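Residues per chain are reported as follows:
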2 protein chains.
Amino acid sequence: MERPADDLTARARIRDAAIRLFGERGIEGASIRDIAAEAGVSSGLVRHHFGSKESLREACDRYAKERMLQIGAELTQDHDLSGLDPLALHPVAFPLQLYIVRSMMDGSETATALFLEGVDAVEEWTTSYGINPKDRRGYAAALAAIKLSVFVFRDQVSKALGEDITTAAGYNRIGQALMEVFTIPLLTQEQVDNMRNQEK
Amino acid sequence: MERPADDLTARARIRDAAIRLFGERGIEGASIRDIAAEAGVSSGLVRHHFGSKESLREACDRYAKERMLQIGAELTQDHDLSGLDPLALHPVAFPLQLYIVRSMMDGSETATALFLEGVDAVEEWTTSYGINPKDRRGYAAALAAIKLSVFVFRDQVSKALGEDITTAAGYNRIGQALMEVFTIPLLTQEQVDNMRNQEK
DNA sequence: GGCTTGACTACACGATCGTGTAGTAGTTTG
DNA sequence: CAAACTACTACACGATCGTGTAGTCAAGCC
């Protein structure tokens, strides 16, 4: 695929613009003409390079997935809590995360596959760290969804905090808060069991 | 506003269809013609009753908010853990939640206000339950986002579990799993502090 | 009876969308 | 040098969108 050295070409600019606009406005909300304007090219060139809007989306999916795995690999070298540290560093990852989340919601197979791989990773992580929930798969799926939640509701969270979480400062703040959720047990296992029986 | 007795009118059917389609496909993804067809009326009638698509959306916002608060009030009578029990019962609430989440993501003020009210509620709840995070506001915002995350990623979670979480059974399963996240501390406060220093 | 009013439909409008076609400029290749 | 190829633009197409207009039909009121 493209090497980083080629990353100033029109094709790369179009792809980056697509990831940014798709992520912000959703797939349907960003037109090819918008993307072309954002990239500073004609709309025909988008078609020339990517064929169709759907193909452009698939190309963005592949690129975003590749980059995220790349960034994830870098993080695991630095930290040992990578499975739980979704918000660590790398502001580069933010637009990628936004795009992937949007792509998931619009039913992309590649993005969904990335989610499933994340669930698998969390599942293995719980095993190796001696965490034994009653429903390990469900637990892993819930954690995977939680990891992405602040990206989805970035505007709402920013408004609640009075601080833009897309900036480095706000990014760290909500990241810390999310970590804190995992440090304070809010319920005992007994309470959960009671609730389960109650609902049945 | 409308009483439940009037709820079989064409106006109510349009509103329900709009909430369902908006929730599933997003605001831009559901056209007025689609909604009209789903409600079994002409597209002109949608305009007759609601004026414009934006007005229809606002009407849906108001109705969904009202209904959710209503359902929330009923839940607090039955349970005492309502602040943490987003998935309890009421399958009626599911399409409403989906709609509200979509409306939030598309920048609705009413839906965002509902989120902020939720953050306030969680914040008060932590205080009264003696939970004292370092960043109470951030903690509450993170919890509020988490509460909604499984709705956003319902398709992905369902695929990961091999079980449709829009059904009662899957609904309960992921709900229990989400509860378990709050019972098992994954990190110590010390670890979080170390991470914070490391990132600064 | 006539007359208003509200629910409802059919149809046409301009705008915007994704896509298709034709063509230009510059580089490469034989 | 000519042919071929690539990057790129301009423009036109059909479809679909939200919206506007005109009109039908039935119920209620004078």
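Everything numeric in this text was worked out from a predicted model, so none of it was measured.

A.B. asks: Just checking my understanding: could you explain the protein's contact with DNA strand D for this structure?
C.D. replies: Residues in close proximity to DNA strand D total 15 residues, the closest being A:S42, A:H49, B:R33, B:R47 and B:K53. B:I32 is positioned with one of its backbone polar atoms (N or O) 3.0 Å from a phosphate oxygen of DNA strand D. Secondary structure elements with two or more residues in the surface near DNA strand D: helix 3 (43–50) of chain A together with helix 2 (32–39) of chain B. Among the elements that take part in the surface near DNA strand D, helix 3 of chain A stands out by supplying four residues, more than any other.

A.B. asks: Looking at this structure, how should I read the packing of helix 1 (residues 10–25) of chain B against helix 5 (residues 93–105) of chain B?
C.D. replies: Residues and elements named next belong to chain B. Relative to each other, helix 1 and helix 5 sit at 60°, their axes nearing to 8 Å. As the angle between them shows, helix 1 and helix 5 are arranged oblique. The hand of the helix 1/helix 5 crossing is left-handed. Packed against helix 1, whose contacting residues are I19, F22, G23, E24 and R25, the element helix 5 presents P95, L96, L98, Y99 and R102 at the interface. For the contact of helix 1 with helix 5, the per-class residue count stands at six nonpolar, one polar and three charged.

A.B. asks: Even after reading the chapter, I still don't get the protein's contact with DNA strand C, so can you show me in this structure?
C.D. replies: Around DNA strand C lies a shell of 15 residues, among which A:R33, A:R47, A:K53, B:S42 and B:H49 are the nearest. Counting only the atoms of DNA strand C that lie within 4 Å of the protein, the sugar and phosphate share comes to 60%. Note that a phosphate oxygen of DNA strand C is positioned 2.6 Å from one of the side-chain N or O atoms of B:S42. Measuring from a phosphate oxygen of DNA strand C, one finds a side-chain N or O atom of B:H48 at 3.3 Å. Only helix 2 (32–39) of chain A together with helix 3 (43–50) of chain B provide two or more residues apiece to the surface near DNA strand C. Ranked by the residues each element gives to the surface near DNA strand C, the list is headed by helix 3 of chain B, at four residues. Class assignment of the residues belonging to the surface near DNA strand C gives a composition of five nonpolar, six polar and four charged.

What counts and what doesn't
- Residues numbered from 1 in each chain as written.
- Chains lettered and ligands numbered in written order.
- Predicted model: local features only at pLDDT ≥ 70, side-chain atom pairs only at ≥ 80, totals over all residues.
- Heavy atoms only, no water.
- Near = heavy atom within 4 Å.
- Polar contact = N/O pair within 3.5 Å; in protein donor to acceptor, adjacent residues only side chain to side chain.
- Helix = DSSP H or I, 4+ residues; strand = E, 2+ residues; numbered from the N terminus.
- Axes fitted to C-alpha atoms, helices over the stretch in contact; angles between N-to-C directions.
- Parallel < 35°, antiparallel > 145°, perpendicular 65-115°, else oblique.
- Left-handed = near helix turned anticlockwise from the far one by under 90°.
- Contact = heavy atoms within 4.5 Å.
- Nonpolar A, V, L, I, M, F, W, Y, C, P; charged D, E, K, R; others polar.

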